[in-house]
Amino acid sequence: LAVATTPTQKVPALINAPPGTMPSIGGLITQSWRVFRSHFGAIAVVVMAIYVPIALVAENTRLGRVAASVFGIIATLAVIYITSAALHNEHLSSKGALILAFKKYPAALVTSFIAGIRVLGLLLLFILPGIIWLFLYAFQFQVVALRDLSGTEEIGRASCRERV
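Residues numbered from 1 in each chain as written. Predicted model: local features only at pLDDT ≥ 70, side-chain atom pairs only at ≥ 80, totals over all residues. Heavy atoms only, no water.

Student: I would appreciate a short explanation of helix α2 (residues 25–38) in the present structure.
Tutor: Residue pairs spaced three or four apart in an α-helix point in one direction, given the helix's 3.6 residues per turn. The end-to-end C-alpha distance of α2, which contains 14 residues, comes to 20 Å, matching closely the 20 Å that a straight helix rising 1.5 Å per residue would cover. Of all the positions in α2, only Gly27, Gln31 and Val35 are classed as buried. Relative to the axis of α2, the buried residues are bounded by an arc of 65° and lie together on one face. Facing away from the buried side of α2, by more than 90 degrees, are the exposed residues Ile25, Ile29 and Arg37. Contacts made by the buried residues of α2 are with α4 (62–87). (Helix = DSSP H or I, 4+ residues; strand = E, 2+ residues; numbered from the N terminus. Expected span 1.5 Å × (residues − 1). Buried < 20%, exposed > 50% of the residue type's maximum accessible area, 1.4 Å probe, protein only. Arc of directions from axis to C-beta. Contact = heavy atoms within 4.5 Å.)

Printed below as a string of structure tokens:
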């Protein structure tokens, strides 16, 4: 998948919006729903492959919650790859998306840990900056998956100002 391997390539706009502007909320929701419907099978397989084993083995336990958090990153990355491929008019199977997600998993886990420590520290020291940075890190997995960045170099780019 070319999207995953070329960090400088821009993901096309979801809706035909002029460069430098964001598409409307309605346009985003419409396009998101289209992608979800057309790739429901691959997304469902990814989510089931990750969460069903966790639910069967460790349902309602602390281990199950930790496993869902840690391995949920894989499902998130795989769905990001499926969506990115759909936006480029390419097809990516659930198996291909999971393979890409497992390759990026260590970088995403480290990035998530670093972001969590920073947000926790800011929340403990100053509540408002912690809340602001919590929202700025909302796109950390998209940056890791689509930009080939991780850890501290990703932290500077995983903000809502950066268009993934």
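There's more to say after this.
Student: I tried to follow a nonpolar patch on the surface on my own but got confused; where do I start?
Tutor: Together, Leu123, Ile127, Ile131, Leu134 and Phe135 make up a nonpolar patch on the protein surface, roughly 490 Å² of accessible area in all. By residue number, the principal contributor to the nonpolar patch is helix α6 (residues 127–136), which donates four residues. Position of Phe135 among the secondary structure elements: in helix α6. (Patch = residues over 30% accessible without salt bridge, like charges linked within 9 Å, V, L, I, M, F, W, Y side chains within 5 Å. Areas by Shrake-Rupley, 256 points an atom, 1.4 Å probe, with all protein chains shown as cover. Salt bridge = Lys/Arg side-chain N within 4 Å of Asp/Glu carboxyl O.)

Student: Mind showing me how you'd approach the environment of Ile82 here?
Tutor: By secondary structure assignment, the location of Ile82 is in helix α4. As a C-alpha pair, Ile82 and Ser94 span 12 residues in sequence and 7.6 Å in three-dimensional space. Excluding its chain neighbours within four sequence positions, the residues that come into contact with Ile82 are His39, Ala42, Ile43, Val46, Leu92 and Ala97.

Student: Explanation requested: the packing of helix α5 (residues 94–125) against α6 in the structure shown.
Tutor: Their axes nearest at 5 Å, the elements α5 and α6 cross at an angle of 155°. Here α5 lies roughly antiparallel to α6, going by the angle between them. By crossing handedness, the relation of α5 to α6 is classed as left-handed. Listed contacts from α6 to Val119, Leu122, Leu123 and Leu125 of α5 are Ile127, Pro129, Gly130, Ile131, Trp133 and Leu134. Considered class by class, the residues forming the contact of α5 with α6 number nine nonpolar, one polar and no charged. (Axes fitted to C-alpha atoms, helices over the stretch in contact; angles between N-to-C directions. Parallel < 35°, antiparallel > 145°, perpendicular 65-115°, else oblique. Left-handed = near helix turned anticlockwise from the far one by under 90°. Nonpolar A, V, L, I, M, F, W, Y, C, P; charged D, E, K, R; others polar.)

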